[in-house]
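So the chains spell out like this:
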Amino acid sequence: MTSPILAVENVDSGYGDVQVLDDLSLTLDADGIACLIGPNGAGKSTVLRTVFGLLTPWRGAVRYHGDEIGGMAPEDIVRAGIGYVPQTQNVFGSLTVEENLRMGGTARDDDLGPVIDELYDRFSIVSEKRSAKARTLSGGQRQVLAFARALVMEPDVLLVDEPSAGLAPNTADEVFADVEAVNAMGTAILMVEQNARKALSIAERGYVLDQGSVAYADDADTLLDNPEVSELYLGG
Ligand SMILES: Nc1ncnc2c1ncn2[C@@H]1O[C@H](COP(=O)(O)OP(=O)(O)O)[C@@H](O)[C@H]1O
Ligand SMILES: [Mg+2]
């Protein structure tokens, strides 16, 4: 067994004095996709914010390559190799696509040209629109830009919050294909999704969150086949 690239261990976390996460544990394999599903308000986004250093764990540990990163500043976490694509406000509408990509690389001190060219090769939409203001992009195009922007840092782990939210089914499918493509290039992905069946179908590992705790943790296929999970969390 290989050790996970990311491990959340018995974490409590929350906002001010309001606790949201309660003894939450999960792992992500270095080459894997893990997804977090569960009802609105379960604490899925709070998990990503806690891993990314936007919230400090009250208890427990967040380990990246085995090292404790809980409470490190987000900019240091980015430099260490973890990227984050928040659900909303994940691109700057008044900046061009290219400017957004360059902003994604401000923590790098080398020339961004080669990595941005590579991203243009991989994401044709982003390449075709490089001089357009991000606010003129469609929802799906914006989501792809948000990914590409996080990939400028060439992260080992990408945290992605509801990439398909608000997208038409076809566009959502394209975004899921992009998630798989990014993973195939060697980035481990921890993804939060409302579209639970779809997310589980591309993930190896799944976690069902309910009221800040892990209600089910299993191989994604096993979760999909679990009648209780299906009934309670996958809409039957
Ligand atoms: N900035 C915040 N301040 C206070 N409470 C928050 C904040 N963000 C989220 N919460 C609360 O934390 C709980 C979990 O929220 P969240 O992690 O966003 O859930 P999910 O992503 O699963 O829908 C909810 O009760 C929500 O109201
Ligand atoms: Mg959320």
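Here, the structure is the one placed above.
The structure contained in this document is the topic of the report that follows. Numbering of residues starts from 1 in each chain and follows the order in which that chain's sequence is written. To read the labels, note that chains go from A and ligands from 1, taken in the order they are written. Whole-chain, interface and lining totals are the exception, using all residues; otherwise, since this is a predicted model, local features are given only for residues with pLDDT of at least 70 and side-chain atom pairs are given and counted only at 80 or more.

Let's talk about the site of ligand 1
Item 1. Whether a residue is near a molecule or strand depends on its C-beta atom, generated from backbone atoms, being within 6 Å of that molecule or strand. In the vicinity of ligand 1, the contacting residues are Tyr15, Val18, Val20, Gly38, Asn40, Gly41, Ala42, Gly43, Lys44, Ser45 and Thr46.
Item 2. Numbering of helices and strands runs from the N terminus; a helix is a DSSP stretch of H or I covering at least four residues, while a strand is a stretch of E covering at least two. Counting only elements with at least two residues in the shell around ligand 1, the list comes to β2 (18-28) and α1 (44-51).
Item 3. Take the shell around ligand 1: its biggest share by element is 3 residues, from α1.
Item 4. Throughout, the ten residues Ala, Val, Leu, Ile, Met, Phe, Trp, Tyr, Cys and Pro are labelled nonpolar, Asp, Glu, Lys and Arg are labelled charged, and all others, Gly among them, are labelled polar. A per-class count over the shell around ligand 1 returns 4 nonpolar, 6 polar and 1 charged.

Details of the pairing of strand β7 (residues 157-161)
Item 1. Partly exposed residues are those whose C-beta has more than 12 but fewer than 20 other C-beta atoms within 10 Å; 20 or more makes a residue buried and 12 or fewer makes it exposed, with C-beta atoms placed from the backbone. Counting buried positions along β7 yields 5 of 5 residues, so the element is predominantly enclosed.
Item 2. Here β7 shows no split at all, with Val157, Leu159 and Asp161 on one side and Leu158 and Val160 on the other all buried.
Item 3. Here a strand pair is declared whenever DSSP counts at least two bridges between the two strands. Relative to β7, strand β6 (residues 82-85) is paired through 4 bridges, and the arrangement is parallel. The residue of β7 that forms the bridge with glycine 83 is leucine 158.
Item 4. Taken together, the 5 bridges between β7 and strand β8 (residues 188-192) define a ladder with parallel strand orientation. From the neighbouring strand, valine 157 faces β8, where its bridge partner is alanine 188.
Item 5. Classification remark: right-handed applies to a crossover when, strands pointing away from the viewer, the course from the first strand over the helix to the second runs clockwise. As for the winding sense of the linkage, the β-α-β connection from β7 through helix α7 (residues 169-184) to β8 is right-handed.

Re the environment of alanine 42
Item 1. Checked against the element boundaries, alanine 42 lands in the loop between β3 (33-37) and α1.
Item 2. The exposure class assigned to alanine 42 is buried, which follows from the 23 C-beta atoms found within 10 Å.
Item 3. The sequence separation of alanine 42 and serine 213 amounts to 171 residues, and the corresponding C-alpha distance is 7.9 Å.
Item 4. Here the contact rule is simple: place C-beta atoms from the backbone, and any two residues whose C-beta atoms are within 7 Å are in contact. Among residues more than four places away in sequence, those in contact with alanine 42 are Leu209, Asp210, Gln211 and Gly212.

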